[in-house]
Each structure stands twice: as structure tokens, then as C-alpha cells.
Amino acid sequence: MLIANAVLADGTTRHIDVERGRIAALLPAEADVPARDDVLDVAGALLLPPLVDGHIHLDKTLLGLPWIANQSAGNRVADRIEAERRVRAARTVPEAETGSNLVRQVMASGTLHMRSHVDIDNQLGLGNLHEVLKIRERFRDLVTIQIVAFPQSGILRSPGTAELLDAAIAEGADLVGGLDPVGIDGDLDGHLDAIFTIAGRRDVGVDIHLHDGGEGGITQLLAIAARATTAGLQGRTTVSHAFALGSVDADTAARTADVLAKAGIAIMSHGPGGAPIPPLSLLHRHGVRVFGGSDNIRDAWSPFGNGDMLERATMIAYRANFRHDHELQFAFDMVTGAAAHVLGIEDYGIAIGAAADFVAVDAGSVAEAVATRPRRKLVIKGGKIVARDGVLAV
Ligand SMILES: [Zn+2]
């Protein structure tokens, strides 16, 4: 395949030669386009690397089912956990089906790599993991699905969960998760002991949901940084949300950012609607890798979301009060290159030798794409078209 007349993020026009699913050459605009059957002329469309969702919950979504009203009695994380139990008890469609609905939808919008957290507790056991493993198998040639064994009900307050998290890794989960060590489990050391023991034994990374705000949240961030350093998990540890960084003064945030950067802790933000957003630019300036994810999509936690990571970049930029092109480009990087780096996606990006995976849109620049969220004209995986004009072609 030869993709002709593609405008890249740097503004240059190139013809892209694809061989065996990889980028073989990036030819200058002046080069002759051969008269071959396999030339795909994108006529000046902006060709971007595929979108990456760094935080999704494939087992939670209710996508494809009739509307289910949010049943949470209050606004605390604990209220939502309870509401989800009721919704789960009533559902009859397996998670592999609703999760597959979501994977198809996000592929059509250009996402080809994702990290999914999967609920594990002493009531669910490994049931949800098995459902998401089915999804991963079903789409193995099309999307990368990294799995985090996520203790949604806590670890200490749901006895047996630590053993289940360990078993989940043995059965195919890629990382061990965590959840508000103080806010949910009330035991910072106990919670982190469990997580980092499993991570060390299984040699896997860590991704911890941390909603706890204020100084208490900062204390937990510092503890996670210390644990990651001791365990040799720098560069393999993520804190998702980290609302605390957005709820303390700038000096505290900056001091904490320095510690996080030194410990190689990445921060995931979805541009939260109802919580303080971490100071993304400050974190970046201090050397912390920040990346984006959808989090909840049409589930017992949130009625919103569609998995479109370009739209997510818009929301992140809006919440972060980004206005300049370089800031919009930064938001775009959060849902592409930065997320791919955190997920350890090899051969990512538009470069010779990289996988021939692309999203084509009608926009003059990355900044314009983030601001206007244009329709995805084409999604290409390994040199093959998998979606056209937002509709799946496979
Ligand atoms: Zn989440």
C-alpha cells in the first residue's frame, strides 16, 4: 500500500510506503506517485498516529443495553461501588458482549491501543477478568488491550482479594491495580504492601486509582513514589486521577511533582468533570509523564462518555484551560505518544519501521483537530483500512 498526499503533524506532505504492515518509506511530496492499484490518495488529509486510551473499564460499560439510570445514592466513591453491585446483580448480558460493543466503537474513532482496568473482589472473583480476556482474544489482531487487575472493592476490606489479584496476573492480567489506600481501605501501608508484593513477585507494573484529595492524597502519592523506587518499578508505575495534585497549592504540587518525576510515576487524567484536575502543564514541566484515558463510559458510575480519545483530548484541554496551539498539541500527545509510551507500545508513531497504523482526519493541524474533533475519515491498522468515516470496516 502507498498512502499518497498525507499531511503529517509537522505540516509536511508525504507519501507513505507500507510494506508487510510497517512503514517502509516516507517519500517527499515531490516524489512521483506510481500508478498502482494499491495507492490510497488521502488528498491532503491530516494523518495521525492511532489514538491510545490509557484508562478504560471494558467490564463496566453497559454500552448497547437499554438505558440504565444512575442508581448511586450519594456522591462518594463508596456509594458508587454499592450502586454498581446492584446494577451488576440485575444484568443478564455478559460483559464480553458490552465490552466488545465498546471496543468496536473506539476502534471506529481511531483507538488501537488501550489499558483496561478489570474489577476483581471476593464476590466477583476472576469472572470479569475472564470476560475481558475473551474480548482481548476476539480483537487480538486489531487492538492492543492491556489489563490491570483492579481491586474495585478495596483489598483489605474485601478479604481474599490480594490472592485473587495475584491469580489474575497468572491468568493474563498485565498489571496490578489499587484503589484509594486510605479512602477505601483505611490502611496505606497494608494496601501498598499487598500491591507491591504482587508486582515484585510477578514482575509487573502498577496502576493505582487515587481519588483521595488534599494533603492526605499527597501523602499517599509520596508513599507510592517511595514504594515504586524501592521495588525498582520506576517507569512502570501509574497513578490514575491523582485529584490531590489539583487540590493543593502550587508549591506543594511542584514539590510532589519533583518526587513523582524522580520515581518515574506517570499520572493519568481524563479531564474530570466533578473533581480537581491535576496541574498537567506543571507536572510536565517538572518531568512527570502525563497521559489520558476515558475512564467510565456509559456505566453504573457515569452516564457519559463514548471512548473517542480525540474528544477526550478536547475535554482535557477544556478542563485544563488550554488555549494555545502548543497546549492543544500537549493534550493530543496525552492521548497518543505519551499514553503509548506508558503502555509500552513498541513501534508506535509515524516513522520508518513503525507499525502502519494511522487515523486520517480533515484538519489543518493537530491543534485544530483537538479543537474541532473532526470525523475520522480513515482508521488504518497494519496497512489495512479498519474503519471509514466513523464506521467499522472489519
Ligand atoms: Zn477508572
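Here the structure is a predicted model, which means the values were calculated and not measured. (Residues numbered from 1 in each chain as written. Predicted model: local features only at pLDDT ≥ 70, side-chain atom pairs only at ≥ 80, totals over all residues.)

A.B. asks: Describe the packing of helix α5 (residues 188-202) against helix α6 (residues 214-230), naming the residues involved and giving the relevant values.
C.D. replies: Between two packed helices, what matters for the description is the angle formed by their axes and the separation of those axes. At their nearest, the axes of α5 and α6 sit 11 Å apart, and the two run at 35° to each other. For the pair α5 and α6, the sense of crossing is right-handed. Residue-level contacts link Leu188, Leu192 and Phe196 of α5 to Gln220, Ala223, Ile224 and Arg227 of α6. For the contact of α5 with α6, the class distribution of residues is five nonpolar, one polar and one charged. (Axes fitted to C-alpha atoms, helices over the stretch in contact; angles between N-to-C directions. Helix = DSSP H or I, 4+ residues; strand = E, 2+ residues; numbered from the N terminus. Left-handed = near helix turned anticlockwise from the far one by under 90°. Contact = placed C-beta atoms within 7 Å. Nonpolar A, V, L, I, M, F, W, Y, C, P; charged D, E, K, R; others polar.)

A.B. asks: Please give an account of the pairing of strand β6 (residues 51-56) that cites residues and values.
C.D. replies: Burial runs high along β6: six of the six residues are buried. In terms of strand pairing, β6 meets strand β7 (residues 111-119) through four bridges, oriented parallel. The residue of β7 that forms the bridge with Val52 is His113. (Buried ≥ 20, exposed ≤ 12 C-beta atoms within 10 Å, placed from the backbone. Pairing = 2+ DSSP bridges.)

A.B. asks: If you had to explain the domain arrangement of the chain to someone new, which residues and values would you point to?
C.D. replies: Per the domain assignment, the segments of the chain are domain 1 (2-49 + 347-392) and domain 2 (51-343). Using C-alpha coordinates to define each centre, domain 1 is positioned 30 Å away from domain 2. Between domain 1 and domain 2, the contact holds 19 residues from the first and 21 residues from the second. Elements supplying a minimum of two residues to the side of domain 1 that touches domain 2: α12 (366-372), β15 (376-381), β16 (384-388) and β17 (391-392). Ranked by the residues each element gives to the side of domain 1 that touches domain 2, the list is headed by α12, at five residues. Looking at the side of domain 1 that touches domain 2, its residues break down into 13 nonpolar, two polar and four charged. (Domains from an automatic or database assignment.)

A.B. asks: An account of the sheet that holds strand β8 (residues 144-150) is requested, with residue identities and associated values reported.
C.D. replies: If you trace the eight strands from one edge of the open sheet to the other, you get β6-β7-β8-β9-β10-β11-β12-β13, paired in parallel fashion. For this open sheet the edge positions go to β6 and β13 (290-292), each flanked by a neighbour on one side alone. On average, each strand axis in the sheet is inclined to that of its neighbour by 25°, with strand direction left out of account. Note that β8 and strand β9 (residues 175-179) share two bridges and pair parallel. Directly across from Val148, in β9, lies its bridge partner Leu175. Those strands touched by helix α3 (residues 127-138) are β7 and β8, and its axis lies near 165° from that of β7.

A.B. asks: An account of the environment of Gly125 is needed here, citing residue identities and associated values.
C.D. replies: Note on placement: Gly125 falls in the loop between β7 and α3. Since 15 C-beta atoms lie within 10 Å of it, Gly125 is described here as partly exposed. Residues Gly125 and Ala167, spaced 42 residues apart in sequence, show a C-alpha to C-alpha distance of 9.9 Å.

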